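Observations on the model geometry
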Amino acid sequence: QLALSEPQGPVHLDLPEEAVKAYRKSVEIDPDYPNGHYQLAIALHDQGDFPAALSAMTRAAQLFTDPTDVADSHYMVAFWHVGKEDCDPAIAVLELAIRSDPKHFRSLALLGKCYRVKKRYDDAIAMATRAVAVDPAHAYPHVVIADAYIMADQPDRALPEYKKAF
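What you see is a predicted model; the values in this text were computed from it and never measured. (Residues numbered from 1 in each chain as written. Predicted model: local features only at pLDDT ≥ 70, side-chain atom pairs only at ≥ 80, totals over all residues. Heavy atoms only, no water.)

**As for the overall build of the chain**
When you go through the chain residue by residue, the secondary structure sums to nine helices and zero strands. Taken from N to C terminus, the helices and strands of the chain fall in the order α-α-α-α-α-α-α-α-α. Summarising its shape, the C-alpha atoms of the chain cover approximately 65 × 35 × 30 Å along the three principal directions. For the chain, the proportion of its 166 residues judged to be buried stands at 42%. Considering only contacts within the chain whose residues lie at least 6 apart along the sequence, 43% involve residues at least 24 apart. In the structure as shown, the chain presents an accessible area of about 9,600 Å², 54% of it carried by carbon and sulfur atoms. (Helix = DSSP H or I, 4+ residues; strand = E, 2+ residues; numbered from the N terminus. Buried < 20%, exposed > 50% of the residue type's maximum accessible area, 1.4 Å probe, protein only. Contact = heavy atoms within 4.5 Å. Areas by Shrake-Rupley, 256 points an atom, 1.4 Å probe, with all protein chains shown as cover.)

**Concerning the state of the cysteines**
One pass over the structure, following the stated rule, counts zero disulfides. Counting only cysteine sulfurs, Cys114 is the nearest neighbor of Cys87, a cysteine outside any disulfide, at a range of 3.4 Å. Residue Cys114 is classed as buried on the basis of its relative accessible area, which comes to 0%. (Disulfide = S-S within 2.5 Å.)

**Observations concerning the nonpolar core**
If you look at the biggest cluster of nonpolar residues, it comprises 48 residues, and the most contacted ones within it are Met57, Trp80, Leu94, Leu111 and Cys114. Every residue in contact with Trp80, bar those within four places of it in the chain, is listed here: Ala41, Ile42, His45, Phe50, Ala53, Leu54 and Met57. (Core = buried A, V, L, I, M, F, W, Y, C linked by side-chain atoms within 4.5 Å.)

**Side note on the pattern of salt bridges**
What the rule picks out here adds up to seven salt bridges. Here Lys25 and Glu28 are joined by a salt bridge, their closest N and O atoms 3.5 Å apart. Within this pair, Lys25 and its partner Glu28 are both found in helix α1 (residues 16-29), separated by three residues, close to a single helical turn. Given the relative accessible area of 57%, Glu28 is considered exposed. Of the charged contacts in the structure, one is a salt bridge between Lys164 and Glu161, with a shortest N-O distance of 3.3 Å. Taken together, the residues span about one helical turn, with Lys164 and Glu161 both in helix α9 (residues 155-165) at a distance of three residues. Glu161 gets classed as buried once you look at its relative accessible area, which sits at 12%. (Salt bridge = Lys/Arg side-chain N within 4 Å of Asp/Glu carboxyl O.)

**What about the side chain of Ser73?**
Mapping Ser73 onto the fold places it in helix α4 (residues 67-83). For Ser73, a relative accessible area of 0% corresponds to the buried category. Ignoring anything within four residues of it in the chain, the contact list for Ser73 reads Tyr38, Met57, Ala60, Ala61 and Phe64.

**Focus on the environment of Lys119**
Counting through the fold element by element, Lys119 comes out in the loop between α6 (105-117) and α7 (121-134). Residue classification places Lys119 among the exposed positions, given a relative accessible area of 59%. As for Lys119 and Val77, which are separated by 42 residues in sequence, their C-alpha atoms are 22 Å apart.

**Topic: the packing of helix α8 (residues 139-151) against α9**
For the pair α8 and α9, interaxial distance at closest approach is 8 Å and the crossing angle is 165 degrees. With respect to each other, α8 and α9 are oriented roughly antiparallel. Judged by the sense of rotation from one axis to the other, the crossing of α8 with α9 is left-handed. Contacts between α8 and α9 pair Ala139, His142, Val143, Ile145, Ala146, Asp147, Tyr149 and Ile150 from the former with Pro155, Arg157, Ala158, Glu161, Tyr162, Lys164 and Ala165 from the latter. (Axes fitted to C-alpha atoms, helices over the stretch in contact; angles between N-to-C directions. Parallel < 35°, antiparallel > 145°, perpendicular 65-115°, else oblique. Left-handed = near helix turned anticlockwise from the far one by under 90°.)

**Notes on the packing of aromatic side chains**
Taken as a whole and assessed by the stated rule, the structure comprises two aromatic pairs. Ring geometry for Tyr38 versus Phe64: centroids 6.3 Å apart, planes at 70 degrees, classification edge-to-face. In this pair, Tyr38 is assigned in helix α2 (residues 34-47) and Phe64 in the loop between α3 (50-63) and α4, connecting sequence segments 26 residues apart. Here Tyr38 and Phe64 have matching classes, each one buried. Above the ring of Phe50, the side-chain terminus of Lys84 is found at 4.7 Å from the ring centroid. A cation over an aromatic ring shows up here: Arg106 above the ring of Tyr75, its NZ or CZ 4.5 Å from the ring centre. (Phe/Tyr/Trp six-rings, centres within 6.5 Å; stacked < 30°, edge-to-face > 60°. Lys NZ or Arg CZ within 6 Å of the ring centre and 35° of its normal.)

This is the structure we're talking about:
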């Protein structure tokens, strides 16, 4: 048996309903605590309540003051949209993320992918190139660039990017 003074680690909630209930209570206690809204959004998304998750994550983004936290919140909303194969709202949210944190790697890379999906190949290459500038060793933006070149019928320019990725 553990003594009360021994650290027991974080509380682990196995069921999405329990997590949603706990985080709803958190934002009820302190409605201006951005992490409460952020975690509620994750729990709601895990539970499958996409509209409520978007609302909670949007609220978190409004409350965060650190530019990277704001960008992370916007990125999550965009990531969820991309998961539903809906790049138009993702693009708008990712552009907000990058305005908040111009070097937010995940937002730059995902925006590059969304631009590529929308056949905006020059924009895709530009965003993915910015992601490469932030993290040159990461393979993903090189793949986005290479795929954009392939889709733009420039296979000769794609091969060097694929080589950098792999």
